[in-house]
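Observations on the three-dimensional arrangement
Chain by chain, the residues:
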Amino acid sequence: MAKDQLMAYEQAIEQFEVVIGLEVHVELNTKSKMFCGCANVFGSEPNTNVCPTCIGLPGSLPAVNKKAVENSIAIGLALGCQIAPTGRFARKNYFYPDLAKNFQTSQYDEPIAFEGRVEIELEDGEKFEVLIERAHMEEDAGKLTHVGGSTGRIQGAEYSLVDYNRAGVPLVEIVTKPVFGAGARAPELAAAYVRAIRDMVKAMNVSDARMERGNVRCDANVSLRPKGQEKLGTRTETKNVNSIRSVENAVRYEIQRQAYILAGGGSITQETRHWHEDRGHTSAGRPKSDADDYRYFPEPDLVPVQPAAEWIEQIRATLPENPALRRKRLQGEWGFSDLEFRDVVNADLLDLIEATVAAGAQPQAARKWWSGELSRLANAQGVSPFELVISPEQVAQIQQLIDAGDLTDRMAREVVAGVLAGEGEPAEVIEKRGLKVVTDEGALVAAIDAALAQQPDVMEKIREGKVQAAGAVIGAVMKAMGGQADAARVRELILERAK
Ligand SMILES: [Zn+2]
């Protein structure tokens, strides 16, 4: 395939206005599927969580999963949407091997939630409002695996396998209105929006929200129009982008690709596209016109969903704190600077720090542990800080020992290493490794004497006011004591001696 020609990003933004539209699919984590009692679990043997309903055998009848409706209403409310007092399911007809019924049960002109808005904050604090057109319920399709080709796609494959375990898993599709005015920041905004939706459904516990498993995936629509032009340009829809970084990269790529074509007098084909993370580009999928005829018609086997106003209010009362408001509250409580707080948010450390503070550590100390030593150790192991086998409670215990003067920083790091190595609770590691701050003043004084004998001019310097000269002696004492001395006490003793 010929490589696409791209326009330099800054030049593209200079010449064109970018319009994006985002469709995010959220797989709900209900116990059972949307219209049958089959288990909704990831990773089972292929075709073991299936029944006549979800593989569309003649005569089978669907029934709506109440919990899935409840979760969909919760998502609608969290997006600031109105909830429809009545809404029907519709059949979206198309023929594809991963869709055994030959139609997808979805919602068409009567979505459960509509007309919402969310505020999105970029990494540097700039805010954008994204308007939500609708959030509707539907079912997922099965999973196809194409075997024998080099790319994992159907082209060149020898045969294809189909697994219907995912067929019928409840989905909520969230569709934005066209987003204008983000300019050069459109790719970042797209990524921040998907991150916000992921964080929201995770905080609400309505989805496992693991993008690498496809629990949250994004279709990104991008179009360009010359600045000043009213009419929207032709859009492309990059399908199933399943990481936040990929959303940003795919949108940026489409802007540069479309700008090059338009500037050369060409026209954009309205089509779906695929994002290839490994090669960093999109490729053409299938042409897609607005008039795609799915022959929607109301699902005759399901009654309309008519949530009572009282039920909607009960669901509203269970919503967790809005993630943006929670961040604002925590920053105020912890007193972190904007930069410190942004780093913590971007590294996804909020929950860990909150738990560590709740277990008794001071906020700044908790922050230093998680964004410093523990992030470094997690990185070295190739895992996320969440996956380290040390709990926020254990980190708080270790910090309290530092605060009480029972551990030096170096010893504390050794305790952490011991906990991670499976040596038990912090107290057991301290016991086993013999980690104890030396409080025997006689031993400290002897070590100071020995160090001063090696560096006889230090006392004179301190008396002249050059207090920092004590550092070399402190270092020598700490070394002699195997790091188990309290450096602050050693410093005090040296300064007293200089008086
Ligand atoms: Zn089933």
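Residues numbered from 1 in each chain as written. Predicted model: local features only at pLDDT ≥ 70, side-chain atom pairs only at ≥ 80, totals over all residues. Heavy atoms only, no water.

Time to look at helix α13 (residues 426-433). What α13 keeps buried is the set Pro426, Val429 and Ile430. End-on view of α13: buried residues confined to an arc of 100 degrees, all on one side of the axis. Among the exposed residues of α13, those oriented more than 90 degrees off its buried face are Ala427, Glu431 and Lys432. Contacts made by the buried residues of α13 are with α11 (392-403) and α12 (409-420). Among the residues trailing α13, Gly434 stands out with phi positive, at a value near 60 degrees. (Buried < 20%, exposed > 50% of the residue type's maximum accessible area, 1.4 Å probe, protein only. Helix = DSSP H or I, 4+ residues; strand = E, 2+ residues; numbered from the N terminus. Arc of directions from axis to C-beta. Contact = heavy atoms within 4.5 Å.)

Counting 70 residues, the largest nonpolar core has Ile20, Ile73, Ile75, Leu79, Ile174, Tyr193 and Ile255 as the members making the most contacts within it. Considering each element in turn, this core owes the most residues, 10 residues, to helix α3 (residues 186-203). If we ignore the near neighbours within four places in the chain, the residues touching Ile255 are Tyr9, Ala12, Ile13, Val18, Pro187, Val222 and Leu224. Core analysis: the second largest hydrophobic core is formed by 33 residues, Phe336, Val344, Ile398 and Val415 among them. (Core = buried A, V, L, I, M, F, W, Y, C linked by side-chain atoms within 4.5 Å.)

Let us look at the pattern of salt bridges. Under the criterion given, the structure shown has 40 salt bridges. Ionic pairing is found between Asp140 and Arg217, a salt bridge with its closest N-O pair at 2.8 Å. In this pair, Asp140 sits in the loop between β6 (127-139) and β7 (143-147) while Arg217 sits in strand β10 (residues 216-226), placing the two residues 77 residues apart along the sequence. This pair shows no difference in class: Asp140 is buried, exactly as Arg217 is. Note that Asp449 and Arg497 form a salt bridge whose closest N and O atoms lie 2.8 Å from each other. In this pair, Asp449 sits in helix α14 (residues 441-454) while Arg497 sits in helix α17 (residues 487-498), placing the two residues 48 residues apart along the sequence. (Salt bridge = Lys/Arg side-chain N within 4 Å of Asp/Glu carboxyl O.)

Okay, the coordination of the zinc ion next. Protein ligation of the zinc ion involves Cys36 (SG), Cys38 (SG), Cys51 (SG) and Cys54 (SG), the donor distances falling in the range 2.3 to 2.4 Å. Seen from the zinc ion, its 4 donor atoms lie at angles of 101 to 114 degrees, and the figure they make is tetrahedral. (Donors = N, O, S within 2.8 Å, 3.2 Å for Na, K, Ca; no water. Tetrahedral: all angles 85-135°; square planar, octahedral: opposite > 155°, others 65-115°.)

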